[in-house]
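Here's the letter readout for the chains.
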Amino acid sequence: MPNRRFADGEVVMGRWPGSVLYYEVQVTSYDDASHIYTVKYKDGTELALKESDIKSQSSFKHRKSHSSSSSPSRRSSSRSHSRSPGRPAKSRRRSSSQSREHKDDKKKIIQETNLALLVLVLFKLSENNTRRYNGEPDSTERNDTSRIILEQKSKPDLETERVVEQYSLHSRKEEKKKEIYSEKKIFEPTKTIEKASSKTKELEFGGRLGTLTLIVFLPATVLFLLLMCKQDDPSLMNFPPPLPALESLWETKMFGIFLLWFFLQALFYLLPIGKVVEGLPLSSGRKLQYRINGFYAFVLTAAVIGTLLYFKFELHYLYDHFVQFAVAAAAFSMGLSIYLYIRSLRVHEEDLAPGGNSGYFVYDFFTGHELNPRIGSFDLKYFCELRPGLIGWVVINLVMLLAEMKIHNLSVPSLPMILVNSFQLLYVVDALWNEEAVLTTMDITRDGFGFMLAFGDLVWVPFVYSLQAFYLVGHPTAISWPVAAAITILNCIGYYIFRSANSQKNSFRRNPADPKLAHLKVIPTATGKGLLVTGWWGFVRHPNYLGDIIMALAWSLPCGFNHILPYFYVIYFICLLVHREARDEHHCKQRYGLAWERYCQRVPYRIFPYIY
């Protein structure tokens, strides 16, 4: 079955974005991955259109010929010409009467068409005044509208018919029936084509070999980092660290503690507290519901930890068995990944992740085969995204703080440890407070839930992100108050950029017509969405990544400069964000086409202004 309906060079009817009008266009190219056509209008304008916005000329001509053949004038005219000149006067009077009726009907149609055009003009003008997020000046918008109307009048046989269908003064029930019937006839082939081309064609992370390597490399990296931190001299000259006996890496007690932690967070997730919101529309059009109670779970967790401290539980026990705890978490994440892949084999195709449906076991296992795996209303991916790992990160930092005080006989934690705990606590609390914003991220909307996210959420985040605190326990560092103040200012700058950029993006995605965003300019796209070109997103293309990197540097500076190990997080974070930025660029180019190229010309820098 073909993967596309329209060939390059084919002349078709393309819908003008944001309107109901169709114009004659020529197909210039087609993107197999995004199913987006690039078309060229008669005036030279090139736009990227979805397949649903393109129709064949025959569908318009069929309606036109059908309408013409059924008009009273054509029928009476054909009958009058078929009769002999000597027909009775009564018949001639009937014919002339029908002709007058036809003229009246024709005038009525023209009046309805003119009224429809007037309604369209008023609608466009009111839309320009109330929805300023399209980013173009009012004068330009009015000129565009006038040009569309003039072109519409110059094509009465084809496009006026389309306008009359959309703004008819006849009964809406009849119009609805006609629309349903015509849409079924036109779009049924398209649905079949989309199903046939739903396989993931472009493989990331080095394809099958790359993902197989990462499945082994990521756990090994976590193990080596923790073993390096345990050494008296964690310099590169002592790499690799000596490996302990394999049997010493596994402790059933630590695995039980991890299970207890995981299911405690699951219990907090299921509590009927917090509001319930809808996520972004899926490819099928439906929206999933999510309960927003991550911050409440954090408060309840803090209460549990406080109770344990009150009853003299020795939480620093986790520090002494930290490597075994990480191994237990890795084993759990692997088991969860296997379960996720097995259950994904039974789900409907529309529930599969667009980036994890390649047909290759290793690749789909790593990237995630199912998009939103759920057990009833319990969303596994959404739960793991913020709860066990992110809240666990803060708890591990607290454990390291207590271990430092016990090992070094301190009455209060060291200043570097306080800075690291405070900065990362702010980051986690911010994420939980703005939990709803996670629903618009690529992790939720596009990536499946497989080994990559399961291991990342449950192992990489809590055990690698806490590396600075773990390092400071065995390698204390002293810093002055002025240096601490400078590091704090740096972290605040990074946090401000990160939070304000993300808030701007999330508000725009949720409600582009928000009056608070009226000052922002946007490049319209063929998908109906806009690209911000002012504010933080007009400064660099990924300002949130810039804020992330600045904060990551501030988290590492309290550890000093004796070893590079605490800065592994900064190096990793830069590599991660550059990779994510490349993924974002690729997907946005596929999705938005020429509009994305215009955006890149308007905003040339990706993450670092004037550098990259």
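All residue numbers here refer to positions counted from 1 along the written sequence of the relevant chain. Given that the model is predicted, a residue must reach a pLDDT of at least 70 before its local features are reported, and side-chain atom pairs must reach 80 or more before they are shown or counted; all residues, however, enter totals for whole chains, interfaces and linings. The basis for every side-chain value is the complete set of non-hydrogen atoms in the structure, without hydrogens or water.

In the nomenclature of an unreviewed UniProt entry, the chain corresponds to Delta(14)-sterol reductase LBR from the organism Atlantisia rogersi. UniProt positions are given in the numbering used here, feature names are shortened, and annotations may be inferred rather than shown by experiment. Under the Sequence similarities (unreviewed entry) heading, UniProt states for the chain: "Belongs to the ERG4/ERG24 family." Looking at the chain in UniProt, the text filed under Pathway (unreviewed entry) is "Steroid biosynthesis; cholesterol biosynthesis."

Colleague: For this particular structure, what's the right way to read the UniProt feature "transmembrane region" (unreviewed entry) in the chain?
Modeller: What UniProt calls "transmembrane region" (unreviewed entry) maps, in this numbering, to residues 209–228, 248–271, 292–311, 323–342, 453–473, 479–498, 518–540 and 560–579. The straight-line gap between the two end C-alpha atoms of residues 209–228 is 28 Å; of that span, 100% is helix and 0% is strand. Only DSSP runs of H or I with at least four residues qualify as helices, and only runs of E with at least two residues qualify as strands; both kinds are numbered from the N terminus onward.

Colleague: Which parts of the structure should I look at to understand the environment of Lys 230?
Modeller: With respect to the helices, strands and loops of the structure, Lys 230 is situated in helix H7 (residues 207–230). With a relative accessible area of 41%, Lys 230 lands in the partly exposed category. Linking Lys 230 and Pro 241, residues 11 residues apart in sequence, is a C-alpha distance of 9.1 Å. If near-sequence neighbours (up to four positions away) are discounted, Lys 230 is found in contact with Tyr 319 and Phe 470. Classification of residues uses two cut-offs on accessible area relative to the type maximum, computed with a 1.4 Å probe and protein chains only: under 20% is buried, over 50% is exposed, and between them is partly exposed. Whether two residues touch is decided by their heavy atoms; if any such pair falls within 4.5 Å, the residues are in contact.

Colleague: It is not clear to me how the pattern of salt bridges should be interpreted in this structure. Could you clarify?
Modeller: Side chains bearing opposite charge may pair, as long as their charged atoms lie close to each other. Within this document, salt bridges are pairs made up of a side-chain nitrogen of Lys or Arg and a carboxyl oxygen of Asp or Glu, the two lying within 4 Å of each other. For the structure on display, the rule yields seven salt bridges. Among the ionic pairs, Arg 343 bridges to Glu 370, the shortest N-O distance being 3.1 Å. Of the two residues, Arg 343 sits in helix H11 (residues 322–344) while Glu 370 sits in the loop between helix H12 (361–367) and strand E8 (374–375), which places them 27 residues apart along the sequence. As far as the burial class goes, Arg 343 and Glu 370 line up, both buried. Taking the shortest distance from any N to any O, the salt bridge between Asp 430 and Arg 499 comes out at 2.7 Å.

Colleague: Teacher, can you tell me more about the sheet that holds strand E5 (residues 54–55) here?
Modeller: Remark on secondary structure: sheet strands pair via backbone hydrogen bonds, oriented parallel or antiparallel. Whether two strands pair depends on DSSP finding at least two bridges between them. If you trace the five strands from one edge of the open sheet to the other, you get E4-E3-E2-E1-E5, paired in antiparallel fashion. Two strands in the sheet have a free side with no partner beyond their single neighbour: strand E4 (46–50) and E5.

Colleague: Would you mind showing me how to read the nonpolar core here?
Modeller: To qualify as a nonpolar core, a set must consist of buried Ala, Val, Leu, Ile, Met, Phe, Trp, Tyr and Cys residues joined through side-chain atoms within 4.5 Å. In this structure, Met 400, Phe 463 and Tyr 465 are the most contacted members of the largest nonpolar core, which totals 108 residues. Looking at this core, the element that brings in the most residues is helix H13 (residues 380–407), giving 15 residues. The source of the domain bounds is an automatic or database domain assignment. Each of domain 2 (199–478) and domain 3 (480–611) contributes no fewer than three residues to this core. Discounting residues that sit within four places of it in the chain, Tyr 465 has contacts with Trp 393, Gln 424, Trp 460, Tyr 569, Tyr 572 and Phe 573.

Colleague: Looking at this model, I keep getting lost on the packing of helix H14 (residues 415–433) against helix H17 (residues 467–474). Mind explaining?
Modeller: Two quantities define a packed helix pair, namely the angle between the axes and the distance from one axis to the other. Two elements in contact, H14 and H17, have axes separated by 10 Å at closest approach and are oriented at 165 degrees. As summarised for this structure, H14 and H17 are arranged roughly antiparallel, according to the angle between their axes. As H14 runs across H17, the sense of the crossing is left-handed. Note on element contacts: H17 touches H14 through Gln 468, Ala 469, Leu 472 and Val 473, opposite Pro 416, Met 417, Val 420 and Gln 424. Along the lines of polarity and charge, the residues of the contact of H14 with H17 split into six nonpolar, two polar and no charged. Axes here refer to lines fitted to C-alpha atoms; in helices the fit is confined to the stretch in contact. Angles between the N-to-C directions go from 0 to 180 degrees. Should an angle fall under 35 degrees it is called roughly parallel, over 145 degrees roughly antiparallel, and 65 to 115 degrees roughly perpendicular, with every other angle called oblique. Less than a right angle of anticlockwise turn of the near helix away from the far helix marks a crossing as left-handed, whereas a clockwise turn marks it as right-handed. Residue classes follow a fixed rule: Ala, Val, Leu, Ile, Met, Phe, Trp, Tyr, Cys and Pro count as nonpolar, while Asp, Glu, Lys and Arg count as charged, and any other residue, Gly among them, counts as polar.

Colleague: Is there a simple way to think about the packing of H14 against helix H18 (residues 481–510) in this case?
Modeller: Where H14 contacts H18, the two axes come as close as 11 Å, and the packing angle between them is 10 degrees. Between H14 and H18, the angle is such that the two are roughly parallel. Residues Leu 415, Leu 419, Phe 423, Leu 426, Tyr 427 and Asp 430 of H14 form the contact with H18, whose participating residues are Trp 481, Ala 484, Ile 487, Thr 488, Asn 491, Tyr 495, Phe 498 and Arg 499. Of the residues contributing to the contact of H14 with H18, the split by class is 10 nonpolar, two polar and two charged.

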